[in-house]
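# A structural walkthrough
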Amino acid sequence: MALALAGCGTYVPDGATVISVKNSKQEFERGELRPPQNELREMSIIKMRWYDDNTFLTTATLEPGVYSFLARNYEGAAIQRDIAIVKDKDYYEITAERSVAEKGAEATPEVAGPQIKGRILSAQAGRISSVSVLFVGTDVVLRTAQVARDGSFTVESPRPGNWKIEIHRLGPNPVSYVHPVTNVTRPVDLGQITLR
């Protein structure tokens, strides 16, 4: 039977699990759960639907265990917390504020994947101070990379996985480079690229 949980006032539909981020100065639009590691079978990341302000919902069946919850917004801010999923519980709250011990143990909540590097053709590089790097995979993540005088740049991928990588220089005459889908499990060198 679906209930409005006492004290939290959040309605949880039948068969759903809800996770709410409390005490946050940021608004998060996307949430996902990473299941516990299992050597016998690979578990897929569970995408959660936006349900309410900083509240996310999934109807996936969650086995008890410690899951990693990640929430992101479109400005690149993210939080990550471990959540112990227990049987017959359908509502969980996490706090955006970290304890002093947590802050010391983990300086940044952002999860970084392997490094991507490349070098913009020298004829263009002198006029470019930064590029926008778009990662397109199971979701879309935008990062900014500073470009050195020799045209080289580096940026962290969102996480290991299959990504199409796009390099864009924005402005009145925008130009781009698109790299085909690559399984990014270790650092990737795009080599010398031409923005067209």
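A brief structural summary. Please read all numbers here as calculations on a predicted model, not as lab measurements.

## Comments concerning the side chain of Ser20
Among the secondary structure elements, Ser20 is positioned in strand β3 (residues 17–22). With a relative accessible area of 1%, Ser20 lands in the buried category.

## What about the pattern of salt bridges?
Within the structure shown, the criterion is met by seven salt bridges. Residues Arg30 and Asp139 are paired through a salt bridge, measuring 3.8 Å at the closest nitrogen-oxygen approach. Taken together, the residues Arg30 in strand β4 (residues 30–34) and Asp139 in the loop between β11 (130–136) and β12 (140–146) connect sequence positions 109 residues apart. Here the two residues Arg30 and Asp139 agree in accessibility, since each one is buried. For the salt bridge of Lys47 with Glu32, the shortest nitrogen-to-oxygen distance reads 3.0 Å. Residue Lys47 is found in strand β5 (residues 46–52), and its partner Glu32 is found in strand β4; the two are separated by 15 residues along the sequence.

## Quick notes on the side chain of Thr182
Within the fold, Thr182 resides in strand β15 (residues 175–184). Side-chain polar atoms of Thr182 contact the side chain of His179, separated by 3.3 Å. Not counting the four nearest positions on each side in its chain, Thr182 is found in contact with Gly161, Asn162 and Trp163.

## Details of the packing of aromatic side chains
The description of an aromatic ring pair rests on the distance of the ring centres and on the angle between the ring planes. Under the defined criterion, the tally for this structure stands at two aromatic pairs. Measuring from centroid to centroid gives 6.0 Å for Phe56 and Phe69, while their planes differ by 50°, and the two rings are tilted. Pair noted here: Phe56 is in strand β6 (residues 55–58) and Phe69 is in strand β7 (residues 65–72), with a separation of 13 residues, a long-range link. On the basis of relative accessibility, which here comes to 0%, the residue Phe56 falls in the buried class. Phe69 sits in the buried class, given a relative accessible area of 0%. Ring geometry for Phe135 against Trp163: centres 5.9 Å apart, planes inclined by 80°, an arrangement best described as edge-to-face. With Phe135 in strand β11 and Trp163 in strand β14 (residues 161–169), this pair connects stretches of sequence that are 28 residues apart. Like Phe135, the residue Trp163 is buried in the burial classification.

## Points about the sheet that holds β4
Read from one edge to the other, the open sheet built from seven strands follows the order β8-β7-β4-β5-β6-β3-β9, with strand pairing classed as mixed. The sheet terminates laterally at β8 (78–85) and β9 (91–95), the two strands that pair on one side only. Each neighbouring strand pair of the sheet contributes to a mean axis angle of 30°, computed without reference to strand direction. Bridge count for β7 against β8 is eight bridges, and the pairing is antiparallel.

## Considerations on the pairing of β15
When β14 meets β15, the two strands line up antiparallel, connected through eight bridges. Looking at β15, one finds that Arg169 is bridged to Val175. In sequence, β14 turns back onto β15 through a hairpin of five residues, with Gly171 there showing a positive phi of about 135°.

Reading the values: rules and limits
Residues numbered from 1 in each chain as written. Predicted model: local features only at pLDDT ≥ 70, side-chain atom pairs only at ≥ 80, totals over all residues. Heavy atoms only, no water. Helix = DSSP H or I, 4+ residues; strand = E, 2+ residues; numbered from the N terminus. Buried < 20%, exposed > 50% of the residue type's maximum accessible area, 1.4 Å probe, protein only. Salt bridge = Lys/Arg side-chain N within 4 Å of Asp/Glu carboxyl O. Polar contact = N/O pair within 3.5 Å; in protein donor to acceptor, adjacent residues only side chain to side chain. Contact = heavy atoms within 4.5 Å. Phe/Tyr/Trp six-rings, centres within 6.5 Å; stacked < 30°, edge-to-face > 60°. Pairing = 2+ DSSP bridges. Axes fitted to C-alpha atoms, helices over the stretch in contact; angles between N-to-C directions.

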